[in-house]
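Here are the chains, one letter per residue:
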Amino acid sequence: MNRVIRPDTIARLARAANCEVAWKGPRSLFRAKLSGFTYSDFNRSGHVSLSSVVRTMETERSLFFRFPQYNFKTFLGINEDMIVLGNHVTMSDSLYEKASFNLPMTLEMSLLHFGNTSVDSKIAIIDDRTGDEFASSIRRLVCIDVKTSRPTAIPDAWKDVVAPDWAQTSSVPAFKPFDPFKPPKKQFRQKVLVQHDDTDYLAHTNQASYTRYAENCAAVASKAGFFDNFKGDICFYPVRKLSVAYAGESFPGDELEISTWQDGMDADTVYFHVSKHGKDVCYLKMDFISFL
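An unreviewed UniProt entry lists the protein chain under the name Acyl-ACP thioesterase, with Capitella teleta given as the organism.

Following this line, the structure appears as structure tokens:
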């Protein structure tokens, strides 16, 4: 928690974020231009991969190093940090139909709700030609005391910078947490070893990597005939919605166990549980489109 990032890393991230950015307020923090996806973003089915969509949305993190006055870390105390509690990502049909290398897109981040200890935000990838959302993510960040691991108040100074007139507006929580689900007896399990390339500049496994672990586990389970309504490689069934809840961290060299199973009522919904030495790391839920 609250790790120190090397100055040269910050400089490179700021340079990497040298795209066209428009800062707006109070709730729409920024709109940044993206040139499209790359070849490595597309999986073996020819669709843009779910983990690549999640990774693309993480572009907003580097933008805060380009504009440090908006970075919440500037306003936190020595024993304070902001952590992601969870997020809900929704993909549209047009994402799977239009994703390409040369596809002008806009990444937009908006504030949806300020609580005492948490903030809900939205990150969207928007089609510049139509204004339609290719994908969007609703997430919650919580300010915590690193020593006690308990929530603490968000600094008023940060609120004043990112949303100066928030006090004159009203909002309701936008992120809907989901309780950790208890895995059933019938599960498909797979173990993975966290690689250095699975981590980010904070030196821990990023959310796109957890999503990729889950995707690969589901593919192996599907090919093994574990699921009721998915045949062959599950990669060919697009995901409509992804939900993630975080409970811990992992680092290079850690062995993780990924377990998966289907919802008892809706076979298109698949759950994943990631653990390390028997301790919870994160939970994922994917809603697939199985009628192909």
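**Student:** Before we go on, may I ask you to explain the domain arrangement of the protein chain in this structure?
**Tutor:** Interface size is commonly expressed as the accessible area that is lost once the parts come together. The assigned domain composition of the protein chain is domain 1 (7-165) and domain 2 (188-288). Summarising the inter-unit geometry, the C-alpha centres of domain 1 and domain 2 are found 22 Å apart. Taken together, the contact pairs 24 residues of domain 1 with 22 residues of domain 2. Roughly 2200 Å² is buried in total at the junction of domain 1 and domain 2, and carbon and sulfur atoms are behind 54% of that figure. Its largest share of buried area at the contact with domain 2, domain 1 owes to R44, L50 and N87, together 24% of the area lost on that side. The tally of links from domain 1 across to domain 2 stands at 12 residue pairs in polar contact (both at pLDDT 80 or more). Counting only elements with at least two residues in the side of domain 1 that touches domain 2, the list comes to α1 (7-16), α2 (50-57), α3 (59-66), β3 (80-91) and α4 (93-98). Of all the elements, β3 adds the most residues to the side of domain 1 that touches domain 2, at eight residues.

**Student:** Help me out: how do you make sense of the packing of aromatic side chains in this one?
**Tutor:** Any two aromatic rings considered together are summarised by their centre-to-centre distance and by the angle between their planes. If you walk through the whole model with that rule in mind, you get 10 aromatic pairs. Measuring from ring centre to ring centre gives 5.8 Å for F42 and F101, while their planes differ by 75 degrees; the resulting arrangement is edge-to-face. With F42 in the loop between β2 (28-34) and α2 and F101 in the loop between α4 and β4 (105-114), the pair connects residues that are 59 residues apart, well separated along the chain. Owing to a relative accessible area of 19%, F42 belongs among the buried residues under this scheme. For the pair F227 and F230, a centre-to-centre distance of 5.9 Å together with 85 degrees between the ring planes defines the contact as edge-to-face. Overall, F230 belongs to the buried group, its relative accessible area being 1%. The rings of F188, F226, F227, F230, Y237 and F288 are connected pair by pair, giving a single aromatic cluster.

**Student:** Honestly, the pairing of strand β12 (residues 279-288) in this entry has me stumped. Any pointers?
**Tutor:** Where strand β9 (residues 239-246) lies against β12, seven bridges are found, and the strand directions are antiparallel. Each bridged residue has a counterpart across the sheet, and for K241 the counterpart in β12 is D287. Strand direction decides the pairing type here: strand β11 (residues 269-276) and β12, joined by eight bridges, are antiparallel. Paired with K276 across the bridge in β12 is K279. Here β11 folds back onto β12 in antiparallel fashion, the turn holding two residues, of which H277 has a positive phi close to 55 degrees.

**Student:** Any chance you could explain the pattern of salt bridges here in plain terms?
**Tutor:** Close approach of charged atoms allows side chains of opposite charge to pair. A complete count under the given rule lists 18 salt bridges for this structure. For D233, the salt bridge identified is with R44, shortest N-O distance 2.5 Å. In this pair, D233 sits in the loop between α6 (207-223) and β9 while R44 sits in the loop between β2 and α2, placing the two residues 189 residues apart along the sequence. For D233, a relative accessible area of 11% corresponds to the buried category.

**Student:** Just to check I follow, could you spell out the side chain of T211 for this structure?
**Tutor:** Among the secondary structure elements, T211 is positioned in helix α6. Apart from the residues within four sequence positions on either side, T211 is in contact with L50, S51, V54, L242, L284 and M286.

**Student:** So what exactly am I meant to see when it comes to unusual backbone geometry here?
**Tutor:** Negative phi is the rule for most residues except glycine; trans is the rule for most peptide bonds. Of note, S149 is a non-glycine position whose phi angle comes to about 60 degrees, a positive value. Within the secondary structure layout, S149 lies in the loop between β6 (133-145) and β7 (150-151). Even without a glycine there, the phi angle at H277 is positive, about 55 degrees. Secondary-structure assignment places H277 in the loop between β11 and β12. By relative accessible area, H277 is classed as exposed at 71%.

**Student:** When you look at the nonpolar core in this model, what are you seeing that I'm missing?
**Tutor:** Nonpolar side chains in soluble globular proteins tend to be buried together. Membership of the largest hydrophobic core comes to 72 residues, with the highest contact counts inside it found for F30, M91 and L256. Examining the composition of this core, we find that eight residues originate from one element, α6, more than from any other. Both of domain 1 (7-165) and domain 2 (188-288) provide at least three residues apiece to this core.

**Student:** Before we go on, may I ask you to explain α6 in this structure?
**Tutor:** Residues spaced three or four apart along an α-helix point in a common direction, a consequence of the helix completing one turn every 3.6 residues. The end-to-end C-alpha separation of α6 is 25 Å, in line with the 24 Å expected for 17 residues at 1.5 Å each. Across the 17 residues that make up α6, a large majority, 12, are buried. A side-chain oxygen of the first residue of α6 lies 3.1 Å from the backbone nitrogen of A208; this N-cap is N206. Just downstream of α6 lies G225, where phi reads positive at about 80 degrees.

Calculation notes
Residues numbered from 1 in each chain as written. Predicted model: local features only at pLDDT ≥ 70, side-chain atom pairs only at ≥ 80, totals over all residues. Heavy atoms only, no water. Domains from an automatic or database assignment. Contact = heavy atoms within 4.5 Å. Buried area = accessible area lost by both parts, 1.4 Å probe. Polar contact = N/O pair within 3.5 Å; in protein donor to acceptor, adjacent residues only side chain to side chain. Helix = DSSP H or I, 4+ residues; strand = E, 2+ residues; numbered from the N terminus. Phe/Tyr/Trp six-rings, centres within 6.5 Å; stacked < 30°, edge-to-face > 60°. Buried < 20%, exposed > 50% of the residue type's maximum accessible area, 1.4 Å probe, protein only. Pairing = 2+ DSSP bridges. Salt bridge = Lys/Arg side-chain N within 4 Å of Asp/Glu carboxyl O. Core = buried A, V, L, I, M, F, W, Y, C linked by side-chain atoms within 4.5 Å. Expected span 1.5 Å × (residues − 1).

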